[in-house]
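Each chain, written out:
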Amino acid sequence: MGFKMLTLTEKQIEAFNCDGFIKLSKLVDLNIVNQMVALTDQFMLDNIPPIEYEAQLGYPGAPADPEATGGKTIRRFLRAMSRHPLFLDWATSPDVITLLRPLLGPQIVMPLAHHNCIMVKDPRFSSDTGWHQDIRFWGFERPDLVSTLLALNQANTE
């Protein structure tokens, strides 16, 4: 699938166990990232559900309701893995599984992922979402869960 590293170091595993997260940079081939960006741009043009809008969430900084200015700002394209095979291929690739095994053990189960989404951050109307761990939003009994996030482009407050 185009990864540049296939295993975690002991230091990375220790950091994950201590901090609850690790950041790995530049692991995915730029061609794959560019394909995902092009698909996401097309999703923005097509506006095909299921979509979650900022105004639906009530997060700080989000438009008050769907009819307000920016109310139709897309927060997430839901069911990303069924929108195009490239997203499913990435999420289930041997490269991703190999990176997750030291954190979760030999048997990896993907319960169709919690969000299974493509996050969109519009610079004008996106809500403020501080640093957090997703497990607080999940209704699972066991805490041995991992979120994976692949940044498709640069995002900053500007």
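Residues numbered from 1 in each chain as written. Predicted model: local features only at pLDDT ≥ 70, side-chain atom pairs only at ≥ 80, totals over all residues. Heavy atoms only, no water.

The three strands lie next to each other as β1-β2-β3, forming an open sheet whose pairing is antiparallel. Among the strands making up the open sheet, the edge pair consists of β1 (51–53) and β3 (117–119). Averaged over neighbouring strand pairs, the angle between their axes works out to 20 degrees when direction is ignored. Summarising the sheet, β1 and strand β2 (residues 74–78) pair through three bridges and their orientation is antiparallel. Residue pairing across strands places E52 opposite R76, the latter belonging to β2. The strands that helix α2 (residues 30–46) touches are β2 and β3; relative to β2, the one it contacts most, it runs at about 110 degrees. (Pairing = 2+ DSSP bridges. Helix = DSSP H or I, 4+ residues; strand = E, 2+ residues; numbered from the N terminus. Axes fitted to C-alpha atoms, helices over the stretch in contact; angles between N-to-C directions. Contact = heavy atoms within 4.5 Å.)

Residues of helix α6 (residues 94–104) that are buried include every one of D95, V96, I97, L99, L100 and L103, and no others. Buried residues in α6 make contact with α1 (10–19) and α5 (85–91). Downstream of α6 by a residue or two, G105 has a phi angle that is positive, lying close to 100 degrees. (Buried < 20%, exposed > 50% of the residue type's maximum accessible area, 1.4 Å probe, protein only.)

What follows covers α1. Looking only at α1, the buried set comprises Q12, I13 and F16. Seen from one end, α1 has its buried residues packed into an arc of 100 degrees, which puts them on one side. Facing away from the buried surface of α1 by more than 90 degrees, the exposed residues are E10, K11, E14 and C18. Two residues or fewer after α1 comes G20, characterised by a positive phi angle close to 85 degrees. (Arc of directions from axis to C-beta.)

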